[in-house]
Amino acid sequence: MFPRFRRKRINPVLRDLLQETHLNVNDFIYPLFAKSGSGIKEEVGSMPGVFQMSIDEIVKECTALKALGIKSIILFGIPDVKDSVGSDAMCEHGIIAQTIREVKAAHPDMFVVTDLCFCEYTDHGHCGVLDPVLETVDNDITLDNLAKQAVVHAKAGVDMIAPSGMMDGMIQAIRNGLDKASFVNLPIMSYSTKFSSAYYGPFRDVAESSPGKGDRKSYQMNPANRNEAIAESVADEAEGADILMVKPALAYLDIVRDVKNNTTLPLAVYNVSGEYSMLKMAAKAGVIDYDAVMMETMMAFKRAGADIIISYHAKEVALLLQK
Ligand code: PBG
Ligand code: ZN
């Protein structure tokens, strides 16, 4: 006697009945990149289908997203002026505060998440204030600024804050700042386990956020470390994070499962720019069935343990799910 697995694979209806993992349009958050001006929608060479947009275009895009059933976006800002601390990010008239206000005014039913970091806003391109001696980000000064940035987003009407800078203590600092300003009901989705990854390359073109000098290895994690990856997420849960995240996604599915098994919190994955561009370029070269590979990849994220998928593919996935 041997087990007959194929007995349950012959009838397609039975195959569907037995499918363990399901994708739903509700699983997705779609990233958008805001800049000042009007009528601007500029495609990014390294990421076909991804655009830098002025706020009016983002407002229009939200109408298209809702028609596809996508109800949640994550915003990144490209400011006009960068400086050493990233002032635009902490200003109520800054690009992100303005975008939140205009999107929420036009689309009160759109769930607006903001990426909370400084790399797009600093002239040196690092994720916080630089320590002049160590030439790396000063953790604790950056914590104060992250709390300020969070309160600015909160006052503008954001629905969820997503800090991505990998500073130690960032969740506690942001939670305290929000609570003190009476935003006790504003959730935090932490980029809790974020690796120092070459897969972010194309994003840095879109967000104009490459570090001028050096790299992010003193704050983002070493891709080789599994125990530390779990510890980072567990620490953010203890500090008060509401949702955890593993980023990048595709090359880190083992970590997604590890984190899932070590928390009761919901878990997000960030299907990053490099992962997106690889599929786009492979499709262009005619070497893959793009739709099939994309859907298989999304399914893999959920099977590994993701509850939420942040992805540039979200619109394409939503269309396929309607079929
Ligand atoms: C900013 C941030 C980055 C991404 C999301 N937030 C870039 C980075 O850390 O360099 C990457 C997203 C992507 O590659 O799609 N801290
Ligand atoms: Zn950053």
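The model shown is predicted, which means the values in this text are computed figures rather than measured ones.

Parameters at a glance
Residues numbered from 1 in each chain as written. Chains lettered and ligands numbered in written order. Predicted model: local features only at pLDDT ≥ 70, side-chain atom pairs only at ≥ 80, totals over all residues. Heavy atoms only, no water. Near = heavy atom within 4 Å. Polar contact = N/O pair within 3.5 Å; in protein donor to acceptor, adjacent residues only side chain to side chain. Areas by Shrake-Rupley, 256 points an atom, 1.4 Å probe, with all protein chains shown as cover. Nonpolar A, V, L, I, M, F, W, Y, C, P; charged D, E, K, R; others polar. Donors = N, O, S within 2.8 Å, 3.2 Å for Na, K, Ca; no water. Tetrahedral: all angles 85-135°; square planar, octahedral: opposite > 155°, others 65-115°. Buried < 20%, exposed > 50% of the residue type's maximum accessible area, 1.4 Å probe, protein only. Helix = DSSP H or I, 4+ residues; strand = E, 2+ residues; numbered from the N terminus. Contact = heavy atoms within 4.5 Å. Arc of directions from axis to C-beta. Salt bridge = Lys/Arg side-chain N within 4 Å of Asp/Glu carboxyl O.

Chemist: What's the story with the site of ligand 1 in this structure? I'm lost.
Modeler: Neighbouring ligand 1 are 18 residues; K194, R204, K247, S273 and Y312 lie closest to it. Separating an oxygen atom of ligand 1 from a side-chain N or O atom of S273 is a distance of 2.7 Å. In the complex, 100% of the free accessible area of ligand 1, which totals 400 Å², lies under the protein chains. Here the residues of the shell around ligand 1 sort into 9 nonpolar, 3 polar and 6 charged.

Chemist: Help me understand the coordination of the zinc ion (ligand 2) in this model?
Modeler: For a metal with four tetrahedral donors the ideal donor-metal-donor angle is 109.5 degrees, while six octahedral donors give ideal angles of 90 or 180 degrees. Donor atoms from the polypeptide that coordinate the zinc ion (ligand 2) comprise C117 (SG), C119 (SG) and C127 (SG), at 2.2 to 2.3 Å from the metal. Taken together, the 4 donor atoms coordinating the zinc ion (ligand 2) span angles of 93 to 125° at the metal, a pattern that classifies the geometry as tetrahedral. Coordination of the zinc ion (ligand 2) draws on donor residues from a single chain, spaced C-x1-C-x7-C in sequence. In this structure, C117 and C119 share a single accessibility class: buried.

Chemist: Please explain the environment of C91 as it appears in this structure.
Modeler: Locating C91 in the fold gives a position in the loop between β4 (72–78) and α3 (95–106). Expressed as a C-alpha distance, the spacing of C91 and H153, which sit 62 residues apart in the sequence, is 9.2 Å. Sequence-distant contacts of C91, that is, excluding residues within four places in its chain, are made with A97 and V152.

Chemist: Looking at this structure, how should I read helix α11 (residues 314–322)?
Modeler: Buried within α11 we find A314, V317, A318 and L320. Down the axis of α11, the buried side of the element spans an arc of 165°, and every buried residue falls inside it. Where α11 is buried, its residues touch β1 (28–35), α10 (290–304) and β12 (308–311).

Chemist: I keep staring at helix α8 (residues 253–260) and nothing clicks. Help me out?
Modeler: One turn of the α-helix equals 3.6 residues, which is why residues spaced by three or four share an orientation. Listed in full, the buried residues belonging to α8 are L253, I255, V256, D258 and V259. Buried residues along α8 sit against β9 (193–194), α7 (227–239), β10 (244–247), β11 (267–271) and α10.

Chemist: Looking at this structure, I do not really get the pattern of salt bridges. What am I missing?
Modeler: Should their charged atoms come close, side chains of opposite charge can pair. Scanning the model with the defined rule gives 13 salt bridges in all. Put simply, K35 and E42 hold a salt bridge, and the shortest N to O gap is 3.6 Å. What emerges from the salt-bridge pattern is a single network uniting K41, E61 and K315.

On their own, these measurements won't tell you what the molecule is for.
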